[in-house]
Amino acid sequence: MDVRVRYLGGKKFEMTARNHHVDSDQPLDNDGADSAMTPPELFLSSLGACAAYYAEEYLRARALPHEELEIRVSAEKGDRPARITSLQLDVVAPGLNQRHRDGVLRTVDACLIKNTLVVPPHIETRVLTSTEGTAEEPSLALVGH
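Keep in mind that what you see is a predicted model, and the values were worked out from it rather than measured.

(A) Spatial organisation of the side chain of Asp25. With respect to the helices and strands, the residue Asp25 is situated in the loop between β3 (20-24) and α1 (39-61). There is no salt bridge for the buried Asp25, and the closest opposite charge comes from Lys12, which lies 5.7 Å off by N-O distance. Polar contacts involving the side chain of Asp25 include one to the main-chain amide nitrogen of Ala33, which spans 3.2 Å. At 2.8 Å, the side chain of Asp25 forms a polar contact with the side chain of Ser35. Non-local contacts of Asp25, meaning those with residues more than four positions away in its chain, are made with Lys11, Lys12, Gly32, Ala33, Asp34, Ser35, Ala36, Met37, Thr38 and Pro39.

Written as structure tokens, this is what we have:
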């Protein structure tokens, strides 16, 4: 999986994956134009979309109602360091008995994004001096953890 992020001016960026584009911006009170979701909102959206995918797969495979499926994701922010300190994921799936509510919960708990947060990946930050830079290039200026 690869995503490229390109600066568009002001506080706006464009993320590209395959042939798909998503923008991010900052609210007016943070010097942005409020033309798109912020990176934290996109992060919550990613978690919600992943959970929705897993839940819908479960419901559809069992011929259960899935037309009214809705995922709500909320978060609390903290600082020092700046981060999201807690997440709440609500799955709205009307018309399910307890057995299927438990099944949806187990399925959503298997979501790739949720599991990535539960067992965090190693993150390597690199600063390249060329827009065509790769890990093998001698243009590597700094490596962080």
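Don't stop here, the text continues.
(B) The arrangement of a negative patch on the surface in detail. Taken together, Asp29, Asp31, Asp34 and Glu41 make up a surface patch of like negative charges. Position of Asp31 among the secondary structure elements: in the loop between β3 and α1. Residue class for Asp31 comes out exposed when judged on its relative accessible area of 63%.

(C) Inspection of the packing of α1 against helix α2 (residues 98-108) at higher detail. Across the interface, α1 lies against α2 with an axial gap of 8 Å and an inter-helix angle of 140 degrees. With respect to α2, the axis of α1 lies oblique. As α1 packs across α2, the resulting crossing turns out to be right-handed. In contact with Ala51, Tyr54, Ala55, Tyr58 and Leu59 of α1, α2 contributes Arg99, His100, Gly103, Val104, Thr107 and Val108. When the residues that make up the contact of α1 with α2 are grouped by side-chain class, the tally is seven nonpolar, three polar and one charged.

Calculation notes
Residues numbered from 1 in each chain as written. Predicted model: local features only at pLDDT ≥ 70, side-chain atom pairs only at ≥ 80, totals over all residues. Heavy atoms only, no water. Helix = DSSP H or I, 4+ residues; strand = E, 2+ residues; numbered from the N terminus. Buried < 20%, exposed > 50% of the residue type's maximum accessible area, 1.4 Å probe, protein only. Lys, Arg positive; Asp, Glu negative; His and termini not counted. Salt bridge = Lys/Arg side-chain N within 4 Å of Asp/Glu carboxyl O. Polar contact = N/O pair within 3.5 Å; in protein donor to acceptor, adjacent residues only side chain to side chain. Contact = heavy atoms within 4.5 Å. Patch = residues over 30% accessible without salt bridge, like charges linked within 9 Å, V, L, I, M, F, W, Y side chains within 5 Å. Areas by Shrake-Rupley, 256 points an atom, 1.4 Å probe, with all protein chains shown as cover. Charge placed at Lys NZ, Arg CZ, Asp CG, Glu CD. Axes fitted to C-alpha atoms, helices over the stretch in contact; angles between N-to-C directions. Parallel < 35°, antiparallel > 145°, perpendicular 65-115°, else oblique. Left-handed = near helix turned anticlockwise from the far one by under 90°. Nonpolar A, V, L, I, M, F, W, Y, C, P; charged D, E, K, R; others polar.

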